[in-house]
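# A closer look at the structure
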Amino acid sequence: MIGNTATLIDGKAIAADMRKDVAARAAELTEKGWSPKLVSLSVGDVAAAELYVRNQQKQAESAGVEFEARNYPSETSLEQLTGIIQGLNADPRVNGIIIQRPLPDHIPVKTLQKLVHPLKDVEGMHPASIGNIVYNDLALGPCTAVAAVEILKTLPLDMEGLNVTVIGHSEIVGKPIAFLLMGLGATVTVCHHMTRSVAMHSRAADAVFVAVGKPGLVTGEMLKPGCAVIDIGINRVDGKTVGDADFESCSQVAGWITPVPGGVGPVTVATLMSNAVLATEMQMNHYRDAYARSEFD
């Protein structure tokens, strides 16, 4: 395959810019007595989530957001966790709740996500948060989906009428990406495991998002020359972390491509911090409105 090498999209640089903005907003809130605070909940053996938690803690500190990691034993019941989340929902000092995955088999993750108050849903996983995207009313969106679209917005491409193919239609990544892009005026095709010819759709696209969890799924010959490739996949192959796009062949055809790691990942964590500050702002306004004296007092 002959072609130019794609421009690498630097997720770390985009994330650093976002964190500067978040830190400024967090400092403003702290001055008003509303210091943003996140609480992370993990249950059982945390080895799988430990790296994420450490990374989130580090990013939170650099963005001026307080971060408390709580770990509960694997035998903690759904009833106990329900009580814990309800307590956090009611605590005005806690502005965001993160539920770390994986969870033990007896704890359904969707049940916990539904328990988090929508105003504290910094991961954007509550059905209300996902539903708002359909109405193009983005408050707290799912971090990975929002991050992937934010990355595309940094490129010199006109979103209106842009042909985009999204490969993967999960509830928290593929589908929200499609709705977010439609809200920006893009024309979106969503491919999944029942799509007859993914390549037919991806070759017609100005931008391709892929989030399936299959290494090497997208190859250079499936791309239109000069397109943008936003690779959301995270896979371990021979001890290395790789995405869903075959980087070697895709980078020979695409105009822009996100590396894995170092692409969507850092921007996702920065989006989580941005959501933490936004959630704090929304709660501050909510409390102010709820406790404002009416003219009849």
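Data block above holds the structure.
A brief structural summary. Quantities reported herein were computed from a predicted structural model and do not represent experimental measurements.

## A short note on the overall build of the chain
Each helix and strand in the chain was counted, giving 10 helices and 11 strands. For the chain, whose C-alpha radius of gyration is 20 Å, the value lies close to the compact-globule estimate of 19 Å for 297 residues. Each of the three principal axes of the chain carries a C-alpha extent, and together these read 70 × 50 × 35 Å. Within the span of the chain, comprising 297 residues, buried residues form 47% of the whole. Of the accessible surface of the chain, which amounts to about 14,700 Å², a share of 54% is contributed by carbon and sulfur atoms. Distance from the positive charge centre (24 side chains) to the negative charge centre (32 side chains) of the chain: 1 Å.

## Quick word on helix 6 (residues 143-153)
Burial analysis of helix 6 places 8 of its 11 residues in the buried class, which makes it a mostly covered element. Taken as a whole, helix 6 has its buried residues at Cys143, Ala145, Val146, Ala147, Ala148, Val149, Ile151 and Leu152. Each element contacted by the buried residues of helix 6 is listed here: helix 1 (11-31), helix 7 (174-183), strand 7 (207-210), strand 8 (228-231) and helix 10 (264-291).

## Some details on the pattern of salt bridges
Tallying each qualifying case throughout the model produces 10 salt bridges. Two residues, Glu68 and Lys37, come together in a salt bridge whose shortest N-O distance is 2.9 Å. Placement of the pair is Glu68 in strand 3 (residues 66-72) and Lys37 in strand 2 (residues 37-43), with a sequence separation of 31 residues. Residue Glu68 is classed as partly exposed on the basis of its relative accessible area of 24%. With relative accessibility at 15%, the residue Lys37 sits in the buried group. Ionic contacts of the salt-bridge type, sharing partners, join the residues Lys37, Glu66, Glu68 and Arg70 into one network.

## Observations concerning the state of the cysteines
This structure, assessed with the given rule, holds 0 disulfides. Counting only cysteine sulfurs, Cys250 is the nearest neighbor of Cys227, a cysteine outside any disulfide, at a range of 7.9 Å. Residue class for Cys227 comes out buried when judged on its relative accessible area of 1%.

## Details of the packing of aromatic side chains
Applying the stated criterion across every chain yields a total of 1 aromatic pair. Measuring from centroid to centroid gives 5.5 Å for Trp34 and Tyr287, while their planes differ by 50°, and the two rings are tilted. Residue Trp34 is found in the loop between helix 1 and strand 2, and its partner Tyr287 is found in helix 10; the two are separated by 253 residues along the sequence. Take Trp34: its relative accessible area is 18%, and that puts it in the buried class.

## Here we look at the sheet that holds strand 4 (residues 96-99)
Whenever strands of a sheet pair, they do so through backbone hydrogen bonds, lying parallel or antiparallel. The strand order 3-2-4 describes an open sheet built from 3 strands, whose pairing is parallel. Since the sheet does not close on itself, it has two edges, and those belong to strand 3 and strand 4, each with one partner. On average, each strand axis in the sheet is tilted by 20° relative to the strand beside it, whichever way the strands run. Pairing of strand 2 with strand 3, which is carried by 7 bridges, proceeds in the parallel orientation. If you follow Val39 over to strand 3, its bridge partner there is Glu68. Most of the contacts of helix 2 (residues 47-62) go to strand 3, to which it runs at about 160°, and overall it touches strand 2, strand 3 and strand 4.

Procedures and definitions
Residues numbered from 1 in each chain as written. Predicted model: local features only at pLDDT ≥ 70, side-chain atom pairs only at ≥ 80, totals over all residues. Heavy atoms only, no water. Helix = DSSP H or I, 4+ residues; strand = E, 2+ residues; numbered from the N terminus. Rg over C-alpha atoms; globule rule 2.2 N^0.38 Å. Buried < 20%, exposed > 50% of the residue type's maximum accessible area, 1.4 Å probe, protein only. Areas by Shrake-Rupley, 256 points an atom, 1.4 Å probe, with all protein chains shown as cover. Lys, Arg positive; Asp, Glu negative; His and termini not counted. Charge placed at Lys NZ, Arg CZ, Asp CG, Glu CD. Contact = heavy atoms within 4.5 Å. Salt bridge = Lys/Arg side-chain N within 4 Å of Asp/Glu carboxyl O. Disulfide = S-S within 2.5 Å. Phe/Tyr/Trp six-rings, centres within 6.5 Å; stacked < 30°, edge-to-face > 60°. Pairing = 2+ DSSP bridges. Axes fitted to C-alpha atoms, helices over the stretch in contact; angles between N-to-C directions.

Function cannot be read off these values alone, since they describe shape.
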